[in-house]
Amino acid sequence: QVQLVESGGGSVQPGGSLRLSCAVSGATLAYYGIGWFRQTPGKEREGVSCLVMSDGSTFYADSAKGRFTISRDSAENTVYLEMNNLSPEDTGDYYCAAELFPDTSCQYDDYWGQGTRVTVSS
């Protein structure tokens, strides 16, 4: 029933910006956590940023702090990830995931989207 659809990925040069969107259908987000996760060949999946919808608390990976911002559009059930000053190390497939009644860790896995690819290269 719950579906997540990512969009906004693409190819950018180092220093560029992207704005990823995660649109959720089939559920309201009031009691969910929504997170962005990156999969890179040769590395384990990394939690980039998470947002607890009930209280607005956020988590950022060290690599994302100061450059990425997670936000929400409650009226449209959409969560965004603004990515600034991108570097090649940010390259990967970005997935949004949702978890009902999230715990304190940014490891959401109840529902997943299909991902959107981000490529940062010159």
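What counts as what
- Residues numbered from 1 in each chain as written.
- Predicted model: local features only at pLDDT ≥ 70, side-chain atom pairs only at ≥ 80, totals over all residues.
- Heavy atoms only, no water.
- Helix = DSSP H or I, 4+ residues; strand = E, 2+ residues; numbered from the N terminus.
- Buried < 20%, exposed > 50% of the residue type's maximum accessible area, 1.4 Å probe, protein only.
- Polar contact = N/O pair within 3.5 Å; in protein donor to acceptor, adjacent residues only side chain to side chain.
- Contact = heavy atoms within 4.5 Å.
- Disulfide = S-S within 2.5 Å.
- Core = buried A, V, L, I, M, F, W, Y, C linked by side-chain atoms within 4.5 Å.
- Pairing = 2+ DSSP bridges.
- Axes fitted to C-alpha atoms, helices over the stretch in contact; angles between N-to-C directions.

> Sorry, what's going on with the side chain of Arg38 here?
Within the fold, Arg38 resides in strand β4 (residues 32–39). Residue Arg38 is classed as buried on the basis of its relative accessible area, which comes to 6%. A distance of 2.6 Å separates a polar atom in the side chain of Arg38 from a polar atom in the side chain of Glu46. A distance of 3.5 Å separates the side chain of Arg38 from the side chain of Ser63, its partner in a polar contact. For Arg38, the contacting residues outside a window of four places in its chain are Glu44, Arg45, Glu46, Val48, Ser63, Phe68, Glu89, Asp90, Thr91, Gly92, Asp93 and Tyr94.

> Even after reading the chapter, I still don't get the state of the cysteines, so can you show me in this structure?
Disulfides are covalent bonds that link the sulfur atoms of two cysteine residues. Here the structure, examined in full by the defined rule, presents 2 disulfides. The side chain of Cys22 participates in a disulfide bridge whose partner is Cys96; the two sulfur atoms lie 2.2 Å from each other. Around the S-S axis, the bridge from Cys22 to Cys96 shows a dihedral of about 70° and counts as right-handed. Here Cys22 is found in strand β3 (residues 18–25), whereas its partner Cys96 is found in strand β9 (residues 92–100), with 74 residues between them in sequence. According to the relative accessible area criterion, Cys22 is buried, its value standing at 0%. Overall, Cys96 belongs to the buried group, its relative accessible area being 0%. The disulfide partner of Cys50 is Cys106, and the S-S distance across this bridge is 1.8 Å.

> Explain the nonpolar core here, please?
For soluble globular proteins, the rule of thumb is that nonpolar side chains tend to be buried together. In terms of nonpolar packing, the biggest core is built from 28 residues, with Ile34, Trp36, Phe68, Leu81, Met83 and Tyr94 touching the most fellow members. Counting residues per element, this core draws most heavily on β3, which supplies 4 residues. With near-sequence residues (within four places) excluded, Leu81 lies in contact with Leu18, Arg19, Leu20, Trp36, Val48, Ser49, Phe68, Thr69, Ile70 and Tyr94. Counting residues in each nonpolar core, the second largest holds 6 residues, with Cys50, Ala97, Cys106 and Tyr108 among its members.

> Looking at this model, I keep getting lost on the sheet that holds β3. Mind explaining?
Backbone-to-backbone hydrogen bonds join strands into a sheet, with any given pair of strands oriented parallel or antiparallel. Strand order in this open sheet of 4 strands is β1-β3-β8-β7, and the pairing throughout is antiparallel. The two strands at the open ends of the sheet, each matched to only one other strand, are β1 (3–7) and β7 (68–73). Taking the axes of each pair of neighbouring strands and ignoring which way they run, one obtains an average angle of 15° across the sheet. Alignment of β1 against β3, held across 5 bridges, turns out to be antiparallel. Across the sheet, residue Ser7 finds its bridge partner in β3, namely Ser21.

Function cannot be read off these values alone, since they describe shape.
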